[in-house]
Structure formats: C-alpha cells, structure tokens
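Spelled out, the chains give:
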Amino acid sequence: MQEIFLIEDEEKVGKITRAFLEEAGFSVRWFLAGEEGWEALERGEPDLLVLDLRLPGKIQGEEICSRLREKGSNLPIIMLTAYGEEEERVKGLQLGADDYLVKPFSLRELVARIQALLRRAGKTPRVKKLSFTVEGRELVFDLDRQEVFLNGEKVDLTQIEFRVLALLAQNPDRPFSREELLEKIHGPAYDGFDRVIDAHIKNIRKKMGLEAGQFIQTLYGRGYKFSGRKEK
Ligand code: CA
C-alpha cells in the first residue's frame, strides 16, 4: 500500500481528504502543522506528499518544499493553495513542488493527480511487504499472502485478525476508535458492537505473545493505534 503524508492545518479539509484518500486505497498520515510534518519526513519519507502552502507556526509549505529539495529528496509533492495565491503557487513550483491544486479542490481530481505523479515517479503500484521494528523486534507483513511474521516466525492469525492488524499497521500512530475499526473491518452494515474489536485485539496479542503490546497500543477511552518504526 502506498503511503501519503498530508500536511494541512484546516481540520475539515484534512479530515475529508484523509478519508477520501484512504477510501482510494492509500495509507495516509495527516499532520496539522509544518513542524510535525517535517519531523515525520525526516524520520522517513512516504511515497508522496500533499502539502498545504499556508500553515500555522514557523514552517510553511514552501519551506518544507525547499528543505526537501535541498537535501536531494525526489519525493513527489502536490501543493494545496488558496484561490488567488498565484504568486505563491509559482514560488512553490520553483521551489520544487511537482503539481498544485487550488482550494476548494475536487477530491477525485486530487486522487487522479496523485496517481499520475506516482506513475511518473515510477513508484510501483503497491508495496507487498511492510516491515516494522519496535525495540529490536521485527514485524513483517506479507500483504499478498496475508501473513504476518514476528521476528521471523509466522503468527497464526485469522483473516479478520490479519485485517485489523494490517489496517492499524498501515496507518502507524493514527488512533482508530472501536467504531471506526468495526466499520472498516466488517463493513457499515455489520450489526455488531464495539467490543468485538477488543476481542480481535485480545486474540492478536495473545497469538503474538507479550511483545504485541508494544506494537498495538490501547488508547484509554479512544481505541487503538499501531506504533512501530517503519522500515523501508
Ligand atoms: Ca492552511
């Protein structure tokens, strides 16, 4: 699955953009401020960056663009700009952005442009293996075969358990509520209750042993998130 970073300070825009991109099959990490986004970029680059030009705080979109290019990064970048910011758009492109969209933009158009950029960048349509480490422990997902390996040993998960774990892992550090997980895993029509997810998580942890707790974190009153350092 291809990973996109979205740096966008407007909550409403960020929320619906992330949801739409996830629906389109991308893994998305969303940052509200330039500093946060930059820190994450320094830890590891995604396949593509969707970058709002005007951000609160010290680091603006243009700054992120130029820093990336200065350090020699080829990361495909799509800028988001407000209507009338022609000058900034031009500057953004000069600083190394690959494409831009003017707000309010069409989400379908954004997806089409992302796909075009990824094709041009020669990125393969999807990563078949994902691997993570936490404190020297390694978790590897084979997405084609739907198998998970912990320190080289296969973890015997059911299909549903695999999907829960893979969904969390494809969106590291992103909190998922029980309702959201339930809907994404079982579909919106599923007539179940939130605690079904707790049961899946409990089984996954049991099968992975004590070490699993370090990959899947329980967020009190909020749900779960996956934490681990993604290996490229
Ligand atoms: Ca903004």
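Keep in mind that what you see is a predicted model, and the values were worked out from it rather than measured. (Residues numbered from 1 in each chain as written. Predicted model: local features only at pLDDT ≥ 70, side-chain atom pairs only at ≥ 80, totals over all residues. Heavy atoms only, no water.)

Here we look at the confidence of the model for the protein
Our working rule: Confidence scores per residue from the predictor, reported as pLDDT, run from 0 to 100. Numbering of helices and strands starts at the N terminus; helices are DSSP runs of H or I of at least 4 residues and strands are runs of E of at least 2.
When the pLDDT values of the protein are averaged, the result is 88; 96% of them are 70 or greater. Here strand β12 (residues 229–231) stands out as the least confident element of the protein, with mean pLDDT 80; strand β3 (residues 48–52) is the most confident, with 97.

As for the packing of aromatic side chains
Just so we agree on the cut-off: Note on aromatic pairs: the rings of Phe, Tyr and Trp (six-membered ring only in Trp) are paired at centre separations within 6.5 Å, and the planes decide the class, stacked below 30 degrees, edge-to-face beyond 60, tilted for the rest. Buried means the residue's accessible area, taken with a 1.4 Å probe over protein chains only, is under 20% of the maximum for its type, while exposed means over 50%, and partly exposed covers the values in between.
All told, the structure shown has five aromatic pairs when counted by the stated rule. Look at Phe-5 and Phe-31: their rings are 5.1 Å apart centre to centre, the planes differ by 70°, and that puts the pair in the edge-to-face class. Of the two residues, Phe-5 is situated in strand β1 (residues 3–7) and Phe-31 in strand β2 (residues 27–31); the sequence distance between them amounts to 26 residues. In this structure, Phe-5 and Phe-31 share a single accessibility class: buried. Pairing Phe-141 with Phe-162 gives two aromatic rings, centres 6.2 Å apart and planes at 65°, and the pair type is edge-to-face. Here the residue Phe-141 occupies a position in strand β7 (residues 137–142), and Phe-162 occupies one in helix α6 (residues 159–170), the gap between them amounting to 21 residues.

Some points on helix α1 (residues 11–23)
Heads up, the rule is: What a helix is expected to span follows from its residue count: subtract one and scale by 1.5 Å. Note: the arc covers the axis-to-C-beta directions of the helix. Two residues qualify as a contact provided that any one of their heavy atoms is within 4.5 Å of a heavy atom in the partner residue.
In a regular helix each residue adds 1.5 Å, so 13 residues correspond to 18 Å; α1 covers 18 Å between its end C-alpha atoms and thus fits that length. Those residues of α1 that fall on the buried side of the exposure criterion are Val-13, Gly-14, Thr-17, Arg-18, Leu-21 and Glu-22. Down the axis of α1, the sector holding all buried residues measures 150°, keeping them to one side. Relative to its buried face, α1 has exposed residues pointing more than 90 degrees away, namely Lys-12, Lys-15 and Glu-23. Residues of α1 that are buried sit in contact with β1, β2, α5 (107–120) and α7 (178–186). One or two positions beyond α1, positive phi appears at Gly-25, with a value near 100°.

So, the coordination of the calcium ion
Short version of the rule: Listed donor atoms are N, O and S within 2.8 Å of the metal (Na, K and Ca: 3.2 Å). As water is not included, a site may look incomplete.
The coordination sphere of the calcium ion, as far as protein atoms go, consists of Asp-9 (OD), Asp-52 (OD) and Arg-54 (O), spread over 2.2 to 2.3 Å. One chain supplies every donor to the calcium ion, and in sequence these donors are spaced D-x42-D-x1-R. With Asp-9 in the loop between β1 and α1 and Arg-54 in the loop between β3 and α3 (61–70), this residue pair connects regions lying 45 residues apart in the sequence. Given the relative accessible area of 48%, Arg-54 is considered partly exposed.

Examining the packing of α6 against α7
Condition: In this analysis, axes come from line fits to C-alpha atoms, helices being fitted only over the stretch in contact, and the angle between any two N-to-C directions falls in the range 0 to 180 degrees. For classification, angles of less than 35 degrees are called roughly parallel, those exceeding 145 degrees roughly antiparallel, those between 65 and 115 degrees roughly perpendicular, and all remaining angles oblique. By definition, any crossing whose near helix is turned counterclockwise from its far helix by less than a right angle is left-handed, and any crossing with a clockwise turn is right-handed.
Their axes nearest at 10 Å, the elements α6 and α7 cross at an angle of 125°. Taken together, the axes of α6 and α7 are oblique relative to one another. In the packing of α6 onto α7, the handedness of the crossing is right-handed. Across the interface between the two elements, Ile-160, Arg-163, Val-164, Leu-167 and Leu-168 from α6 touch Leu-181, Lys-184, Ile-185 and His-186 from α7.

A closer look at the pattern of salt bridges
Put simply, the test is: By convention in these notes, a salt bridge is any Lys or Arg side-chain nitrogen within 4 Å of a carboxyl oxygen on Asp or Glu.
Counted according to the given criterion, the structure contains 18 salt bridges. Residue Glu-10 pairs with Lys-103 through a salt bridge whose shortest N-O separation is 3.0 Å. Of this pair, Glu-10 sits in the loop between β1 and α1 while Lys-103 sits in strand β5 (residues 99–103), and the two are 93 residues apart along the sequence. Of the residues examined, Glu-10 reaches a relative accessible area of 39% and is grouped as partly exposed. Because the salt bridges share partners, they merge into one network encompassing Glu-8, Glu-10, Asp-52 and Lys-103.

What to know about the side chain of Gln-170
Mapped onto the elements, Gln-170 comes out in helix α6. According to the relative accessible area criterion, Gln-170 is buried, its value standing at 11%. Residues within four places of Gln-170 in sequence aside, it is in contact with Met-1, Ser-27, Leu-130 and Leu-143.

Describing the sheet that holds strand β9 (residues 153–155)
Defined as follows: Between any two strands, pairing holds if DSSP finds at least two bridges.
Taken in spatial order, the five strands of this open sheet run β9-β8-β7-β6-β12, and their pairing is antiparallel. Looking at which strands have only one partner, the edges of the open sheet turn out to be β9 and β12. The mean angle between the axes of side-by-side strands here comes to 30°, regardless of whether they run parallel or antiparallel. In this sheet, strand β8 (residues 147–150) lies alongside β7 in antiparallel orientation, the contact comprising four bridges. Along β8, the bridge assignment pairs Phe-141 with Val-148. The sheet strands contacting α6 are β6 (129–134), β7 and β8, and the helix crosses β7 at an angle near 110°.

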